[in-house]
Amino acid sequence: MIAGGRGIGARSLRLYLPLAFFLVAMLFPFYWMAITSIKPNRELYNARIMPLVVHQPTLKHYVDLLTQTSFLTWTYNTLLVAVVSTAVSLVLGTMIAYPLARMNFPGAAVVAIGVAATYLVPQPLLFIPMADIINRLELGNTLSAVMLTYPTLLIPFCAWLLMGYFKSVPRELEEAARIDGASRWQAMVRVVLPLCTPGLLSAGIFAFTLAQNEFLYALIFLTRSEIRTVPVGAITELIRGDVFYWGQLMAAALLGSVPVAIIYSFFVDYYVAGLTAGSVKN
Amino acid sequence: MAVGPASLARPAPAAGRSFTLRDLLEREGVWSWLMLTPGVLFLLAFVAYPFFYGIFLSLQERRVTQSGVFVGLSNFETLLHDAVFWQITRNTFVYTIVATLLKLAGGLAMALVMHQHFRGKNLARAFLLLPFIVPTILSTVAWMWILDPTFSVVNWTLVKAGVMKAGPSWLGNASLAMVSIIVVNTWRGLPFYGITLLAGLQTIAPDLYEAAAIDGANARQRFRHVTLPIIKPVLIIVTMFSVIFTFSDFQLVYALTHGGPANATHLFATFAFDVGMSGGQFGMGAAVALSMLPPLALLIVALTLYLRRE
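Residues numbered from 1 in each chain as written. Chains lettered and ligands numbered in written order. Predicted model: local features only at pLDDT ≥ 70, side-chain atom pairs only at ≥ 80, totals over all residues. Heavy atoms only, no water.

Caption draft 1: The nonpolar core, seen in detail. Residue and element names in this part refer to chain A. Leu100, Val146 and Phe221 are the most contacted members of the largest nonpolar core, which totals 186 residues. For this core, the leading source of residues is helix H7 (residues 143-167), giving 15 residues. Ignoring sequence-local partners within four residues, the contact set of valine 146 consists of Val81, Pro151, Tyr217, Ala218, Phe221 and Leu222. (Core = buried A, V, L, I, M, F, W, Y, C linked by side-chain atoms within 4.5 Å. Buried < 20%, exposed > 50% of the residue type's maximum accessible area, 1.4 Å probe, protein only. Helix = DSSP H or I, 4+ residues; strand = E, 2+ residues; numbered from the N terminus. Contact = heavy atoms within 4.5 Å.)

Given below as structure tokens:
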């Protein structure tokens, strides 16, 4: 469509070859993760054996991971924290985005700029003072510490994304509901929000993956095994000193990606919409 | 839910009270601010306050367990005379600039490849985006094994192909370690560029290309004069976003190299972590983190204004 040329030869050159290259480059690490996790140690640590395939697959690493480490607890923690912080962020994000998108009131511009700025302030700028604050609140080593801090990353994102969706609903719909006696709250909950379900889904899914991906706060605040999340647990407990438990590490990486991958596969269109809304629609 | 503090209705006479309260709460400004308050207070308490508290900490000599002593700008002065700090500054800029250029070029290529008609396009898009959605630490674990000093599959391939006798130690050599973290960052971030730019390309009406083709424009001219101007805003926003988060990257480097060997891959964020958390020097750590601020602030202000204008 863009470049000229005809026939299967030209098409391979500008579509199939580069597409295959990108697919292999993007997916190879996952292939590597998967086959490493089912290789027995004698294959893993033998440089003479052809490494690209598995000769004698085994589930030993998975069994060890599930029985000898707290992996299931980490998974539970990760999901719990992700769900709670996503829910909190969606509610508060909606409550910020709705007036900013649809109301005229004094201070709106300042709040909008403030939200955009908090969205862009990277976490490494804040983690040291945050550690001190969490210590003073005596929340160190509790899941509350991350449930409280994750929304600082997620609320500005949700608010920013949702503003675009809220703006797209015509004012007349809301006004009609208000004339029929609905309060502003009722008009929002019963008229505008249902129309913005795709936006809420996008924001929720995106926030959920961001929460699963978070590492820095989890690393700082969660130092006991029972309260760790999967990324922190894997990196601190499956690597002990100089000893890497590669098979278990790969099994953990693969299983740890499963929740995100499942949600993503069901809602991939919403995810892409969320990804592009900030840069394309606005 | 839309119930505010009763005191807001103070002057109302008893008879019309509920009506007045509701009336007041329904006023655009009052209602808006009631809605905003919880979220705004939260962000003030846990983003704005830590930010300013960080500045305050950076002016102190402060160990984790002790109370701080005000030392003015001396933490920053120490950093300015520290060769390691300058090395880290250089590392961060090299990492950000090279990785951004690679992601930009690769992402644009990916978008152009994907912007063609073929069967299974949605599936391909879903797969290509995987590096971006899988938690970074978990995919980095796979890269650690790919780049392992003894069992690296890259080295195995290089040796088998006869390129070299023995593969290098990717994470043990200063320059190669920098190359490695840039490659992994590019791998993870490229799909973000690719898929976002693809969405930008899809907003271009096909008849624009047809018109340009009728006017005799070749493929390159069509790209330069039709495609590029239209996707420019998307390109700018995506790049600035990505620059901000690459410049302040932590996870990938922490997992892959821990800043090593000999600080060769330390970035501001990982160094601040080492100083502030592992070393327990809160004040100095906060000062290292704040050193990111001047370049970041320029970018953040530019992007905020740009987003507002759009």
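Caption draft 2: Seen up close, the confidence of the model for chain B. Residue and element names in this part refer to chain B. Per-residue confidence for chain B gives a mean pLDDT of 88; residues scoring 70 or more make up 94%. The least confident element of chain B is helix H1 (residues 17-26), whose mean pLDDT is 76; the most confident is helix H4 (residues 83-114), at 96. Contacts for the low-pLDDT stretch residues 1-16, under 50 throughout, to residues beyond four places or in other chains number 14 contacts. (pLDDT = per-residue confidence, 0-100.)

Caption draft 3: Spotlight on the interface of chain B and chain A. Listed per partner, the contact involves 104 residues of chain B and 107 residues of chain A. Around 9500 Å² of area is buried between chain B and chain A when both sides are counted, 79% of it from carbon and sulfur atoms. The interface formed by chain B and chain A holds 3 salt bridges in total. Asp269(A) is paired through a salt bridge with Arg125(B); the nearest N and O atoms lie 2.8 Å apart. Our count for the contact surface shared by chain B and chain A stands at 16 residue pairs in polar contact (both at pLDDT 80 or more). Broken down by element, the side of chain B that touches chain A gets its largest block of residues, 20 residues, from helix H2 (residues 28-58) of chain B. Grouping the constituent residues of the side of chain B that touches chain A by class yields 75 nonpolar, 18 polar and 11 charged. (Buried area = accessible area lost by both parts, 1.4 Å probe. Salt bridge = Lys/Arg side-chain N within 4 Å of Asp/Glu carboxyl O. Polar contact = N/O pair within 3.5 Å; in protein donor to acceptor, adjacent residues only side chain to side chain. Nonpolar A, V, L, I, M, F, W, Y, C, P; charged D, E, K, R; others polar.)

Caption draft 4: Molecular detail of the domain arrangement of chain B. Domain boundaries assigned for chain B yield domain 1 (13-58) and domain 2 (82-279 + 287-309). The C-alpha centroid of domain 2 of chain B is placed 39 Å from the C-alpha centroid of domain 1 of chain B. (Domains from an automatic or database assignment.)

Caption draft 5: Layout of the packing of aromatic side chains. Per the counting criterion, the structure on display carries 37 aromatic pairs over all chains. On the numbers, 5.7 Å between centres and 20° between planes, the contact of Tyr49(B) with Tyr53(B) is stacked. Here Tyr53(B) and Tyr49(B) lie together in helix H2, a separation of 4 residues that amounts to about one turn. Each residue in the set Tyr119(A), Phe157(A), Phe206(A), Tyr264(A), Tyr271(A) and Phe241(B) is aromatic and connected to the rest through ring pairs, giving one cluster. The ring of Tyr53(B) has Arg136(A) lying over it, and the distance from NZ or CZ to the ring centre is 4.9 Å. Here Arg240(A) stacks its cationic end above the ring of Tyr245(A), 4.4 Å away from the centre of that ring. (Phe/Tyr/Trp six-rings, centres within 6.5 Å; stacked < 30°, edge-to-face > 60°. Lys NZ or Arg CZ within 6 Å of the ring centre and 35° of its normal.)

Caption draft 6: Examining the pattern of salt bridges more closely. All names here are of chain A. Tallied over the full model, the rule gives 7 salt bridges over all chains. With a closest N to O distance of 2.7 Å, arginine 102 and glutamate 174 form a salt bridge. In this pair, arginine 102 is assigned in helix H4 (residues 71-102) and glutamate 174 in helix H8 (residues 171-179), connecting sequence segments 72 residues apart. A salt bridge links glutamate 237 to arginine 228, with the nearest nitrogen and oxygen atoms 2.6 Å apart. The class for arginine 228 is buried, based on a relative accessible area of 13%.

Caption draft 7: Quick look at the domain arrangement of chain A. Residue and element names in this part refer to chain A. With domains assigned, chain A is organised as domain 1 (7-58) and domain 2 (62-281). Between the C-alpha centres of domain 1 and domain 2 the distance comes to 32 Å. Facing 7 residues of domain 1, the contacting portion of domain 2 comprises 8 residues. Counting each side, the surface lost to burial between domain 1 and domain 2 is near 630 Å², with a carbon and sulfur contribution of 75%. Sorting the residues of domain 1 by area buried against domain 2 places Met33, Ser37 and Tyr45 first, and these three jointly supply 67% of that buried surface. At the boundary of domain 1 with domain 2, the tally comes to 0 salt bridges. At the junction of domain 1 and domain 2, the tally comes to 1 residue pair in polar contact (both at pLDDT 80 or more). Ranked by residues supplied to the side of domain 1 that touches domain 2, first place goes to helix H1 (residues 7-37) with 4 residues.

Caption draft 8: Region of the structure containing the side chain of Arg125(B). Examined against the element boundaries, Arg125(B) turns out to sit in helix H5 (residues 121-128). On the basis of relative accessibility, which here comes to 13%, the residue Arg125(B) falls in the buried class. When residues no more than four places from it in sequence are discounted, the contact partners of Arg125(B) are Tyr264(A), Asp269(A), Val272(A), Met114(B), Ile195(B) and Leu198(B).

Caption draft 9: Region of interest: the packing of H7(A) against helix H10 (residues 197-213) of chain A. All names here are of chain A. The interhelical angle for the contact between H7 and H10, taken along N-to-C directions, is 155°, at an axis separation of 9 Å. Comparing their axes, H10 and H7 come out roughly antiparallel. Crossing hand, H7 versus H10: right-handed. Residues Tyr150, Leu154, Phe157, Cys158, Leu161, Leu162 and Tyr165 of H7 touch H10, and the partners they reach there are Pro198, Gly199, Leu200, Ser202, Ala203, Phe206, Ala207, Leu210 and Ala211. Grouping the amino acids of the contact of H7 with H10 by side-chain chemistry returns 14 nonpolar, 2 polar and no charged. (Axes fitted to C-alpha atoms, helices over the stretch in contact; angles between N-to-C directions. Parallel < 35°, antiparallel > 145°, perpendicular 65-115°, else oblique. Left-handed = near helix turned anticlockwise from the far one by under 90°.)

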